[in-house]
Amino acid sequence: MQNLPAFKEFMNQPRKVVIVTHVKPDADALGSSLGLAGYLKKKGHTVKVITPSDYPDFLTWMPGNSEVLIFQKDKPKAAEAFISQSDIVFCLDFSSLQRINELGKMVEKATAKKVLIDHHLEPEKFAEFEQWDDTAASTAELVYKLIRDIGDEDLVDQNIANCLYAGIMTDTGGFRHPNTTYEVFQIASALVAHGADPSGVSKLIYDTNTLERLRLMGFVLSEKLNVLPEYRTAFITLSAEELKKFGSQTGDTEGLVNYGLSIKGIRLSALISDRKENIKLSFRSLGSFSVNELARKHFEGGGHRNAAGGQTNLTLDETVKKFLDLLPQYKDQLLAD
Ligand code: 5GP
Ligand code: MN
């Protein structure tokens, strides 16, 4: 963090803290938020974590989960009160206030100081303090570095360590993506030294399925995975009816988009699903092809070069058509290297 001394000075007395993270939080969003919350509580601050929406069941084991205020489900008025009365709002794992839906306006309006801790591309300028690094694999590791740079590494206990470890593990795809650097292993290793349980966390996140989720996965792989070799592209579509048929819960489609990318020769994979409130797109790519650009330019989204997402207010069929119609203009890039 650039102005760390000023940040430390501000946090030198007990503060009313709000931590917000992006809609449909994943393990990095929730883990970095709850890890930071655990640390700030130990420092004597009052902390409220607020998420715009619910999140998958396989994340509810995280220490501090029961105190999370879910804006969509719990009392919106309470969220507004927490934000407007706070001294400082931490914005974790997102770089544009749009990513927290209605909470964005509240945060923008709040007189509180704002802190951005994030690793997404092209962040908006709305925070007084920034721990931003688009080369970081996860927000969780940025939280860890902040705690370390403040000199409070000793306060990282097993609960905090497990939350942060979960974020690093998932945002590196289980230490498999190209963002898995020496430093990632160093921080993960430090977290294990502080009590994180790699096998336990991995079991809770990756190996905790419902039968319905496995059946959905089977259905998708056998019936719904389309491959366009001429564009080195794979895509999956899921209608609201299909999601309903498999009793799909939040998080059930997580990871599906990666299967397309695992096919030999494929460089771009998309999952296009009808979430009723909108159509959600999830993109993954290999190498230099930027799905951040694709999502940002055409689908009101963004993310990272090789993992990004977006949405439309079109129908599912219209969205699929829009996606397919874009492919010719990206053909050269898709076929390069
Ligand atoms: P996923 O496909 O797993 O939902 O998201 C992949 C990456 O893209 C994550 O880093 C996520 O934060 C980001 N992302 C997903 N959806 C959106 C979106 O609608 N807008 C923006 N700006 N980023 C997104
Ligand atoms: Mn992240």
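Keep in mind it's a predicted model, so treat the numbers as computed, not measured.

Engineer: When you look at the sheet that holds strand β11 (residues 302-303) in this model, what are you seeing that I'm missing?
Structural biologist: Paired through their backbone hydrogen bonds, the strands of a sheet run either parallel or antiparallel. The sheet built from 6 strands is open, its strands ordered β7-β8-β9-β10-β12-β11 with mixed pairing. Because the sheet does not close on itself, it has two edges, and the strands there are β7 (225-228) and β11.

Engineer: Can you help me understand the sheet that holds strand β6 (residues 129-132) in this one?
Structural biologist: Strand order across the open sheet formed by 6 strands is β3-β2-β1-β4-β5-β6, with parallel pairing between neighbours. Of all strands in the sheet, those with a lone pairing partner are β3 (69-70) and β6, marking the two edges. Strand contacts of helix α2 (residues 27-42): β1 (16-21), β2 (46-51) and β4 (88-92), with the helix running at about 170° to β1, the strand carrying the most contacts. Its contacts with the sheet place helix α5 (residues 139-150) against β4, β5 (113-118) and β6, and it is angled at close to 120° to β5.

Engineer: Whenever I open this one, the packing of helix α6 (residues 158-171) against helix α8 (residues 198-206) confuses me. Can you help?
Structural biologist: To characterise two packed helices, one gives the angle between the axes of the helices and the distance between these axes. Following both chains from N to C, one finds α6 and α8 inclined at 65°, their axes separated by 10 Å at the closest point. By crossing handedness, the relation of α6 to α8 is classed as right-handed. Packed against α6, whose contacting residues are N162, Y165, A166, M169 and T170, the element α8 presents P198, V201, S202 and I205 at the interface. Of the residues in the contact of α6 with α8, the class split is 6 nonpolar, 3 polar and no charged.

Engineer: Before we go on, may I ask you to explain the domain arrangement of the protein in this structure?
Structural biologist: Per the domain assignment, the segments of the protein are domain 1 (4-206) and domain 2 (211-335). Relative to domain 2, the C-alpha centre of domain 1 lies at a distance of 27 Å. On the domain 2 side, the residues contacting the 10 residues of domain 1 number 8 residues. Looking at the side of domain 1 that touches domain 2 residue by residue, the classes come out as 4 nonpolar, 2 polar and 4 charged.

Procedures and definitions
- Residues numbered from 1 in each chain as written.
- Chains lettered and ligands numbered in written order.
- Predicted model: local features only at pLDDT ≥ 70, side-chain atom pairs only at ≥ 80, totals over all residues.
- Pairing = 2+ DSSP bridges.
- Helix = DSSP H or I, 4+ residues; strand = E, 2+ residues; numbered from the N terminus.
- Contact = placed C-beta atoms within 7 Å.
- Axes fitted to C-alpha atoms, helices over the stretch in contact; angles between N-to-C directions.
- Left-handed = near helix turned anticlockwise from the far one by under 90°.
- Nonpolar A, V, L, I, M, F, W, Y, C, P; charged D, E, K, R; others polar.
- Domains from an automatic or database assignment.

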